[in-house]
Amino acid sequence: MTFSILARDRETGAIGGAAATGSLCVGGWVLRGNLSAGMSASQGASPSTIWGEDVLEVMQGTDAATAVARITQADSGRACRQLAALDLDGGTGAFTGDRNTPEMGSHVFDDGIASGNMLTGLDVLDAMTGTFRSASGTLGTRLIAALRAAETAGGDSRGLLSAALLVLHPDCAPLTLRVDHHPDDPIGALADLHGRATTGDYACWARKVPVLTAPERGFD
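Residues numbered from 1 in each chain as written. Predicted model: local features only at pLDDT ≥ 70, side-chain atom pairs only at ≥ 80, totals over all residues. Heavy atoms only, no water.

**Topic: the overall build of the protein chain**
Worth spelling out the cut-off: Secondary structure is summarised from DSSP: a helix means a run of H or I of at least four residues, a strand means a run of E of at least two, and numbering begins at the N terminus for each. Here the globule rule reads 2.2 Å times residues to the power 0.38, and the radius of gyration is calculated from C-alpha atoms. Whether a residue is buried, partly exposed or exposed follows from its accessible area with a 1.4 Å probe, protein chains only, as a fraction of its type maximum: under 20%, in between, or over 50%, in that order. When checking whether two residues touch, look at their non-hydrogen atoms; a contact exists if any pair is within 4.5 Å.
When its secondary structure is counted, the protein chain shows seven helices and ten strands. Relative to the compact-globule value of 17 Å for 220 residues, the protein chain shows a C-alpha radius of gyration of 16 Å, a close match. Its C-alpha atoms give the protein chain principal-axis dimensions of about 55 × 40 × 30 Å. Taking all 220 residues of the protein chain together, 48% fall into the buried category. For the protein chain, restricting intrachain contacts to residue pairs at least 6 apart in sequence, the fraction spanning at least 24 positions comes to 53%.

Okay, here's the thing in structure tokens:
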């Protein structure tokens, strides 16, 4: 029902994820992040938000692959779920239950992982990762470009209704953007929202709020 991508920017230290689906509210269901652990994308026929949060907690003491294995083995409903995780070292872990709808799977690349289910074909994952690796700009810009490439390659076999982006950096306020319902072009609406959130007055204000490396920051 969903395709997602998690990635780390080695140059800036940012981590992030993006997702799109043919259903509602993909951001609230799928994407989770923690600057002390990494990123997760929990999706599938019966997605577990518990998985997405628990795997981040486990990753604070171990790598992504080990954390994913530990979280997914304990759940008797795992056949209906899919989970991907990215740790702060760029390591990845993935699980896809066999009761999800084909095509389904994950594609690991340097400092990232793309996953999906109910796809028109696994080439959707190739398009997503290839575009992310060749795109320029900020991490958020590259993640949105990867979503668009996945859609162009076929994407979710039902079409799309929602899209989301989450980018974290210790020096910046969290960038968490969600288009929960857009029947025409949720990725385009996400790109527009990203542009508005990273420029102008809103971006100036966001640079003055408390962040991990400056928790007492305020207005001068």
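Following the structure, the description resumes.
**What about the packing of helix H5 (residues 139-152) against helix H6 (residues 186-197)?**
Threshold: Working convention: axes come from line fits to C-alpha atoms, limited for helices to the stretch in contact. Angles between N-to-C directions cover 0 to 180 degrees. Orientation is classified from the angle alone, with under 35 degrees giving roughly parallel, over 145 giving roughly antiparallel, 65 to 115 giving roughly perpendicular, and any other angle giving oblique. When residue character is reported, Ala, Val, Leu, Ile, Met, Phe, Trp, Tyr, Cys and Pro are called nonpolar, Asp, Glu, Lys and Arg charged, and the others, Gly included, polar.
Packing of H5 against H6 brings their axes to within 10 Å, and their N-to-C directions diverge by 170 degrees. In this view, H5 runs roughly antiparallel relative to H6, as classed from their interaxial angle. Contacts between H5 and H6 involve Gly140, Thr141, Ile144, Leu147, Arg148 and Glu151 from the first element and Ile187, Gly188, Leu190, Ala191 and His194 from the second. Classifying every residue of the contact of H5 with H6 by side-chain character gives five nonpolar, four polar and two charged.

**Quick notes on helix H2 (residues 49-59)**
Selection rule: Note that the arc is defined by the directions from the helix axis to the C-beta atoms.
Of the positions making up H2, those classed as buried are Trp51, Gly52, Val55, Leu56, Val58 and Met59. Along H2, the residues classed as buried sweep out an arc of 165 degrees about the axis, all on the same side. Residues Ile50 and Glu57 are exposed on H2 and point more than 90 degrees away from its buried face.

**Quick look at the sheet that holds strand E4 (residues 38-43)**
As a reminder, the rule being used: Any two strands are treated as partners once DSSP identifies two or more bridges connecting them.
The sheet built from four strands is open, its strands ordered E3-E4-E5-E6 with antiparallel pairing. The sheet is open, and its two edges are formed by strand E3 (31-34) and strand E6 (92-96), each paired on a single side. Sheet twist, expressed as the average angle between the axes of neighbouring strands with direction ignored, equals 10 degrees. Bridge count for E3 against E4 is four bridges, and the pairing is antiparallel. Bridging from a neighbouring strand, Leu31 pairs with Ala41 of E4. Set on the sheet, H2 makes contact with E3, E4, strand E5 (82-87) and E6; between it and E4 the angle comes to about 155 degrees. Sheet contacts for helix H3 (residues 64-73): E5 and E6; angle to E6, the most-contacted strand, approximately 30 degrees.

In short, the description is geometric, and any link to function would need to be established separately.
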